[in-house]
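# Secondary and tertiary structure notes
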Amino acid sequence: MSSKGIRSVRGFSDVLPEETPIWQWVEGTIRQVLEAYGYREIRLPVLERTELFRRSIGEVTDIVEKEMYTFEDRNGDSLTLRPEGTAGCVRAGIESGLLHNAEPRLWYSGPMFRHERPQKGRLRQFHQVGAEVFGVNAPELDAEMIVMTARMLRDLGLEDVRLQINSLGTPESRAAHREKLVEYLHKHYERLDEDSRRRLETNPLRIFDSKDPHVQSVMADAPRLLDHLDAESAAHFETVRNLLDEAGVEYEVNPALVRGLDYYTRTVFEWVTDRLGAQGTVCAGGRFDALVEQLGGRPTPAIGFALGLERLVALLAERGHGGRAGAPHAYLVVATEAAPALRLAESLREAVPGLRLQMNAGAGGFKGQLKRADRSGAGVALILGAEEQAAGEVTVKDLRGEGGQQQLPFAETVAYLREVVGA
Ligand code: ATP
Ligand code: MG
């Protein structure tokens, strides 16, 4: 690109055609699992009123304090590009009456926006698939949802991802813990960073979420929320754990796991890998039993999670997934007029379901066209010359294996291509 060319915005990246097959495969695999558990897709806008995120994610969180893309539109309304999907999903559920006397299981996917420092696995526009279930507070739903995420990761072939779980109790049980936590943190005030000192007054639980190693070492010995759970939350957590044990899903209880958003209650969980550095969480979620009411709906328990697609794709790409997937099966070399070639291509597409056929356009010599066929990634070149045309046949040339070259009648060409597509 010339130096005058306009470049993409920092942290906003393109997914190029050689990468899209992995994306499609990841999205398709996740979607199949969601459907197998009775989830239905909801499509939500990327733009919401800023107030929605302030009231749900929480004022004293990294996202709301420093990461949102917020602007005034031409009417002077404050709008924000969604940094996550749950708030919009709850908003839509309330607004459409979807949550009344129903227990919808919903999933969504699409871009999210956070003004973070871009690095591997951390972008400013990134993509999530998320799911939420409303109206059910039973612990078996928590367990089933976690089992479902385990299946997704297994179907994606990602086995070295660890599950961490915790319980955050209820807002009431958190109040008792908060006092002890604040007292402890005052004793270690000098080891806290500036952010944590400020949050000590406003939202001390958030300090567990700090990425600063000094702060993390202070938090390692801090009073644990898990020891202050109300009886009901403790029983709920125990049932979730027992069900996971029964299901054979391994996990580690991490008492410091609090998640970066304020709306969580009771069960929270994360799937973490060591292979992406500090960007190791590929899936995260939990209960948010108070959020619907907080956003103006009737009290409705809920639970959900989101998967970070860039991180899943990065893990798979590292393993050499992808390759020529998505490339055409066949490339049609045109050594005749264009009209019969177009006709042949159409007939083949009709006769061979699923066939990806690219026809040469812009003429070019025979050798040049074969070079293009090779560059296209196709496995087979089809050649239509005067001789083939006169005989009603096609020359089929294997570009990748030992198959050589043969001139075949139309019906046999179809049979050959069906096998290529089916393989
Ligand atoms: P992290 O701790 O890595 O910042 P988070 O707790 O902020 O993650 P969530 O809000 O729970 O993340 O989002 C769910 C998932 O979305 C994360 O586990 C991660 O896989 C992905 N994700 C979050 N932020 C980004 C980002 N900036 N770029 C790429 N993926 C992201
Ligand atoms: Mg984050």
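Since this is a predicted model, take the numbers as computed values, not measurements.

## Let's talk about the pattern of salt bridges
- Under the counting rule described, the total for this entry stands at 26 salt bridges.
- Taking the shortest distance from any N to any O, the salt bridge between Glu65 and Arg199 comes out at 2.7 Å. In this pair, Glu65 sits in helix 3 (residues 62-67) while Arg199 sits in helix 7 (residues 194-202), placing the two residues 134 residues apart along the sequence.
- For Glu65, a relative accessible area of 32% gives the class partly exposed.
- Between Asp142 and Arg287 there is a salt bridge, with the nearest N and O atoms lying 2.8 Å from each other. On the criterion of sequence distance, the pair formed by Asp142 in helix 5 (residues 139-155) and Arg287 in strand 10 (residues 281-287) is long-range, its members being 145 residues apart.
- Note on Asp142: relative accessible area 0%, which makes it buried.

## A look at the side chain of Ser56
- Along the chain, the position of Ser56 falls in helix 2 (residues 50-57).
- With residues up to four places along the chain from it excluded, the contact list for Ser56 reads Ala87, Asp262, Tyr263, Leu291, Gln294 and Leu295.

## A short note on unusual backbone geometry
- Even without being a glycine, Asn101 presents a positive backbone phi close to 50°.
- Take Asn101: it is sitting in the loop between helix 4 (86-96) and strand 5 (105-113).
- Unlike most non-glycine residues, Arg266 shows phi in positive territory, near 50°.
- Residue position: Arg266 is located in strand 9 (residues 265-272).

## Quick notes on the packing of helix 1 (residues 20-36) against helix 5
- Running from N to C, helix 1 and helix 5 point in directions that differ by 145°, and their axes come no closer than 9 Å. The two elements helix 1 and helix 5 meet at a crossing, and its hand is right-handed. Facing helix 1, whose interface residues are Trp25, Thr29, Ile30, Val33 and Leu34, helix 5 presents Met148, Arg151, Met152 and Asp155.
- Tallied by class, residues from the contact of helix 1 with helix 5 come to six nonpolar, one polar and two charged.

## Regarding the environment of Asn254
- For Asn254, the location among the structural elements is in the loop between strand 8 (252-253) and strand 9.
- With a relative accessible area of 18%, Asn254 lands in the buried category.
- C-alpha separation for the pair Asn254 and Asn203, spaced 51 residues apart in sequence, amounts to 20 Å.
- In this view, Asn254 contacts Gln164, Ile165 and Asn166; residues no more than four positions away in its chain are not counted.
- There is a polar contact of 2.8 Å between the side chain of Asn254 and the side chain of Gln164.

## As for helix 13 (residues 366-375)
- Those residues of helix 13 lying buried are Gln369, Leu370 and Ala373. Looking straight down helix 13, one finds that the buried residues subtend no more than 100° of arc, so they occupy a single side. Residues Lys367, Lys371 and Arg375 are exposed on helix 13 and point more than 90 degrees away from its buried face.
- Following helix 13 by one or two positions, Gly377 has its phi on the positive side, about 90°.

## Re the site of ligand 1
- Neighbouring residues of ligand 1: 17 residues in total, closest Arg114, Glu116, Arg122, Arg259 and Thr281.
- Contacts to ligand 1 include Lys211, whose side-chain N or O atom sits 3.0 Å from an oxygen atom.
- In the environment of ligand 1, an oxygen atom lies 2.3 Å from a nitrogen or oxygen atom belonging to the side chain of Arg259.
- Protein chains shield 93% of the accessible area of ligand 1, which is 580 Å² for the free molecule.
- Of all the elements in the fold, those that place two or more residues in the shell around ligand 1 are strand 6 (125-134), strand 10 and strand 11 (302-308).
- At four residues, strand 10 tops the list of elements feeding residues into the shell around ligand 1.

## With respect to the packing of aromatic side chains
- On inspection of all chains with the given rule, the structure shows six aromatic pairs.
- Ring geometry for Phe12 versus Tyr69: centroids 5.8 Å apart, planes at 85°, classification edge-to-face. With Phe12 in the segment before helix 1 and Tyr69 in strand 3 (residues 69-72), the pair connects residues that are 57 residues apart, well separated along the chain.
- With a relative accessible area of 22%, Phe12 lands in the partly exposed category.
- Residues Phe269 and Phe305 carry aromatic rings whose centres are separated by 6.5 Å and whose planes lie at 50° to one another, so their mutual orientation is tilted. Of this pair, Phe269 sits in strand 9 while Phe305 sits in strand 11, and the two are 36 residues apart along the sequence. For the residue pair Phe269 and Phe305, the accessibility class agrees, reading buried in each case.
- An aromatic cluster is present here, built from Phe134, Tyr263, Tyr264 and Phe288 joined pairwise through their rings.

Parameters and conventions
- Residues numbered from 1 in each chain as written.
- Chains lettered and ligands numbered in written order.
- Predicted model: local features only at pLDDT ≥ 70, side-chain atom pairs only at ≥ 80, totals over all residues.
- Heavy atoms only, no water.
- Salt bridge = Lys/Arg side-chain N within 4 Å of Asp/Glu carboxyl O.
- Helix = DSSP H or I, 4+ residues; strand = E, 2+ residues; numbered from the N terminus.
- Buried < 20%, exposed > 50% of the residue type's maximum accessible area, 1.4 Å probe, protein only.
- Contact = heavy atoms within 4.5 Å.
- Axes fitted to C-alpha atoms, helices over the stretch in contact; angles between N-to-C directions.
- Left-handed = near helix turned anticlockwise from the far one by under 90°.
- Nonpolar A, V, L, I, M, F, W, Y, C, P; charged D, E, K, R; others polar.
- Polar contact = N/O pair within 3.5 Å; in protein donor to acceptor, adjacent residues only side chain to side chain.
- Arc of directions from axis to C-beta.
- Near = heavy atom within 4 Å.
- Areas by Shrake-Rupley, 256 points an atom, 1.4 Å probe, with all protein chains shown as cover.
- Phe/Tyr/Trp six-rings, centres within 6.5 Å; stacked < 30°, edge-to-face > 60°.

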